[in-house]
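Observations on the three-dimensional arrangement
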Amino acid sequence: MLYIYMEGHDFRYDLFHLAKVFWPDIEIVFLEDRDEYRGEGCLLESILYEEDGEAYARANIYLDGHCHPGQSKRMDDIDIGRDSGIAIIKNGVKQTIYDALLSISARRAPWGILMGIRPVKIVHDLLDKRLADKRILEILIGEYRLDLRKANLLVDIGKRQRKYIYPMDDDRFSLYISIPFCPSRCIYCSFPSVPISRYADMVTEYRDRLIREIEGIGKLMAGHRINTVYIGGGTPTAIPAADLDRIIRSVYKVFGRKSIGEFTVEAGRPDTITREMLNMLKGNDIGRISINPQTMNDDTLKAIGRYHSSMDTERAYYLAKEIGFDVINMDLIAGLPSEGRKDIINTLMAIEELNPENLTVHTLAVKRGSKFERTMDRYRIGGQETIEEMLEESANYAYRMDMKPYYLYRQKQIAGNFENIGYSKEGMECIYNIAIMEERETIMGAGMGAVSKVLLPGKRIRRVPNFKSMEEYMGRVDELLERKRAGLNFEG
Ligand SMILES: C[S@@+](CC[C@H](N)C(=O)[O-])C[C@H]1O[C@@H](n2cnc3c(N)ncnc32)[C@H](O)[C@@H]1O
Ligand code: SF4
């Protein structure tokens, strides 16, 4: 049990998640009164106080009858390249807690005090202020407590993304289309999607509602310039090729085929990829597709509920290359049940043989709402060191395949507190992935579970989510368009 007592501040959320980085499974209780601590378990005391007119933070730990006093941090000594007083104070409080927890924990926290999903954004903000790389690294390591490798990775990725983000253009937007059908439910997945076997007779109606929404978005965005289109899910190729064809053609009709700079279809599951499907996509000038192995270990594929084999992945890949797709992405997950370093090396060797243009390496996240969360006790998941080794091997193989990291994001329940990284060969980066992660342009979302993100003045983002249930989505498309219209209104 970990007791937390806060004085002078209420960064409850941040403290909770920072403590979870060091002790993922620990139960946490916040004490309203310091005297409620009776000496059992561990007490983390976080105090924000004033002395001689200056603000300080300090964190002490009480464990097994011993006090581990932390050092005081003066807020005026913190330089995070931002003036916001609250951001500095929060940073200072978190630094003292991080240092206190690190001093007694066996676990490491490679991402330091950063909790956010989009850490590269910090680098963009600092680059926007024209700070030198050396200064940015100092801030990341000194004030955010990142380890050197993560700090270098962030700066490297941020700089690689700049040419795709800048100059910023308020009129530019991208379009995300959700096709929420899948051949089967993977145990770790929490994305909004339904099994195609049960919902097959709803596909036509879904397609028509979706097209109606796409047309509505076309009207709302008249006068704006479309940048990229991404059809994801779910598994877009789980529906019949003719239906997906209609959807893609509606996009062209509304936005103009030549206006779209990049068009991706996440084919995803190899068991949905047929020659007919690929020919249809190619005929529609789809430049980028994903064929996702997750792992090339057939036993693991069975265990995670993916009803395809590693051979299906290879077959689909060679077929796509024969048909002439320029950019193929492959998704992997590090930390799948019973997998370790050797397993990911086997997977990476097979992928190196295929030589795709992009590789996206996710770290397993035990998401709320996934079957995995409910049945986790049955599986053996690698510890922090194993996952770190797996990620290092992925980085090595990406390098051998001539790929560089170009986007990165983190998730809450991610194993070992690591990250997801997209690698790409030079010039083959998926611009949509950068746009969705860095939030420097508006993204309009169509379909069940899709989220629109409107870029407001001052680089703020307004989320306008669609319904996550099929029934609600189908019945309320006009209402969703109305919400988008309101969301696009900067006055509101
Ligand atoms: C939207 S999902 C769908 C892609 C496609 N339907 C498929 O499964 O191949 C995109 C990617 O997120 C990753 N992913 C999904 N759930 C995850 C989880 N719980 N932990 C880590 N990665 C996950 C997988 O690598 C997956 O390919
Ligand atoms: S991981 Fe992909 S195929 Fe599996 S359930 Fe999720 S969206 Fe569907």
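Going by the structure above, here's the rest.
Quick caveat, the model's predicted, so the values are computed rather than measured. (Residues numbered from 1 in each chain as written. Chains lettered and ligands numbered in written order. Predicted model: local features only at pLDDT ≥ 70, side-chain atom pairs only at ≥ 80, totals over all residues.)

**Focus: the site of ligand 1**
In the region of ligand 1, 18 residues are neighbours, and Y188, G268, N292, D331 and H362 sit closest. Class assignment for the residues of the shell around ligand 1 results in six nonpolar, eight polar and four charged. (Near = placed C-beta within 6 Å. Nonpolar A, V, L, I, M, F, W, Y, C, P; charged D, E, K, R; others polar.)

**Let's talk about the pairing of strand β7 (residues 172-179)**
Counting buried residues along β7, seven of its eight residues qualify, which places the element largely inside the surrounding structure. Sheet topology places β7 next to strand β17 (residues 442-446); five bridges connect them, and they run parallel. Counterpart to S174 in the pairing with β17 is I443. (Buried ≥ 20, exposed ≤ 12 C-beta atoms within 10 Å, placed from the backbone. Helix = DSSP H or I, 4+ residues; strand = E, 2+ residues; numbered from the N terminus. Pairing = 2+ DSSP bridges.)

**Details of the environment of R249**
Checked against the element boundaries, R249 lands in helix α8 (residues 241-255). By the C-beta count within 10 Å, which is 13 here, R249 ends up partly exposed. Separated by 38 residues in sequence, R249 and I211 place their C-alpha atoms 9.6 Å apart.

**Section: unusual backbone geometry**
For the bond running from Y166 to P167, omega is 0 degrees, close enough to zero to count as cis. Here P167 is to be found in the loop between α5 (148-165) and β7. With an omega of 15 degrees, the peptide bond between G233 and G234 qualifies as cis. Looking at the secondary structure, you find G234 in the loop between β10 (225-233) and α8. Despite not being glycine, D64 shows a phi value in the positive range, around 50 degrees. Inspection of the secondary structure puts D64 in the loop between β4 (54-63) and β5 (66-68).

**A closer look at the packing of helix α12 (residues 341-354) against helix α14 (residues 384-400)**
With their axes 9 Å apart at the nearest point, α12 and α14 run at an angle of 15 degrees to one another. Looking at the two axes, α12 sits roughly parallel to α14. Between α12 and α14 lies a crossing whose hand is right-handed. Packed against α12, whose contacting residues are R341, I344, I345, L348 and E352, the element α14 presents T386, E389, M390, E393, S394, Y397 and R400 at the interface. (Axes fitted to C-alpha atoms, helices over the stretch in contact; angles between N-to-C directions. Parallel < 35°, antiparallel > 145°, perpendicular 65-115°, else oblique. Left-handed = near helix turned anticlockwise from the far one by under 90°. Contact = placed C-beta atoms within 7 Å.)

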